[in-house]
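Understanding the architecture of this molecule
Given next are the chains, with one letter for each unit.
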Amino acid sequence: MAAAGDGPWLDDAAGRLVRPFTVSNGRTRPTIALDLLSHVMATGATPLGYLGPEHAQVLDMCRAPVSVAEVAAHLKLPAVVTKVLLSDLVDCGALTTKPPEFTHNPTDRALLEAVLDGLRRQL
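This report concerns the structure included in the present document.

Analysis parameters
- Throughout, a residue's number is its position along its own chain's written sequence, starting from 1.
- Given that the model is predicted, a residue must reach a pLDDT of at least 70 before its local features are reported, and side-chain atom pairs must reach 80 or more before they are shown or counted; all residues, however, enter totals for whole chains, interfaces and linings.
- Each side-chain value is derived from all of the structure's non-hydrogen atoms; neither hydrogens nor water enter the calculation.
- Secondary structure counts use DSSP, requiring at least four H or I residues in a row for a helix and at least two E residues in a row for a strand, with both numbered from the N terminus.
- Accessible area is worked out with a 1.4 Å probe on protein chains only. A residue is then buried under 20% of its type maximum, exposed over 50%, and partly exposed in between.
- Residues belong to a common nonpolar core when they are buried Ala, Val, Leu, Ile, Met, Phe, Trp, Tyr or Cys residues joined through side-chain atoms within 4.5 Å.
- Whether two residues are in contact is decided by their heavy atoms: any pair within 4.5 Å suffices.
- We treat two strands as partners when DSSP finds at least two bridges between them.
- The rule for a salt bridge is simple: a side-chain nitrogen of Lys or Arg has to be within 4 Å of a carboxyl oxygen of Asp or Glu.

Side note on unusual backbone geometry
- With a phi angle near 60°, lysine 76 is a residue other than glycine that sits in the positive phi range.
- Structurally, lysine 76 can be placed in the loop between helix H3 (68–75) and helix H4 (79–91).
- Relative accessible area serves as the criterion here: at 72%, lysine 76 is assigned to the exposed category.

In structure tokens, the structure reads:
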């Protein structure tokens, strides 16, 4: 008989076998403020104590700076769950954060229209 932690976390046909909020132990609030455009990067410090497989995945993908939104997309987890995982790693010193740097106003109408035109050309 397999232990509860044994076996795959993902199934090709069914997808994720555990609910997203079980990954964060039911927590819905990160301990630090993170924007979806904030960048996170591994510090190289080894976290103390047990962290789940998603924490290890995060550390692996954060060898170079990556946005919170990208981490959530790669993990296929909701942003709030991802932010909780990231805050765990920041709290133990394994990750560092950097706020987003805007070179353009993200709500600039001309910029948004240019993005929309580019997307239309791709279709």
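Quick notes on the nonpolar core
- If you look at the biggest cluster of nonpolar residues, it comprises 15 residues, and the most contacted ones within it are Val40, Val58, Cys62, Val71, Leu75, Leu86 and Leu95.
- Broken down by secondary-structure element, the contributors of at least two residues to this core are H3 and H4.
- Element by element, the count of residues in this core is highest for H4, at four residues.
- Ignoring sequence-local partners within four residues, the contact set of valine 71 consists of Val40, Val58, Met61, Cys62, Val66, Thr82 and Leu86.

Focus on the sheet that holds strand E5 (residues 95–98)
- Overall, antiparallel pairing links the three strands, which are arranged E4-E3-E5 in an open sheet. Sheet topology places strand E4 (66–67) and E5 at the edges, where each strand pairs with a single neighbour.
- Here two bridges tie strand E3 (residues 39–42) to E4, and the two strands are oriented antiparallel to one another. Opposite histidine 39, over in E4, you have serine 67 as the bridge partner.

Notes on the pattern of salt bridges
- One pass over the full model with this rule turns up two salt bridges.
- Put simply, arginine 63 and aspartate 60 hold a salt bridge, and the shortest N to O gap is 2.7 Å.
- Residue classification places arginine 63 among the exposed residues on the basis of a relative accessible area of 63%.
- On the basis of relative accessible area, aspartate 60 is assigned to the partly exposed category, the value being 44%.

This is a description of form; function is not addressed.
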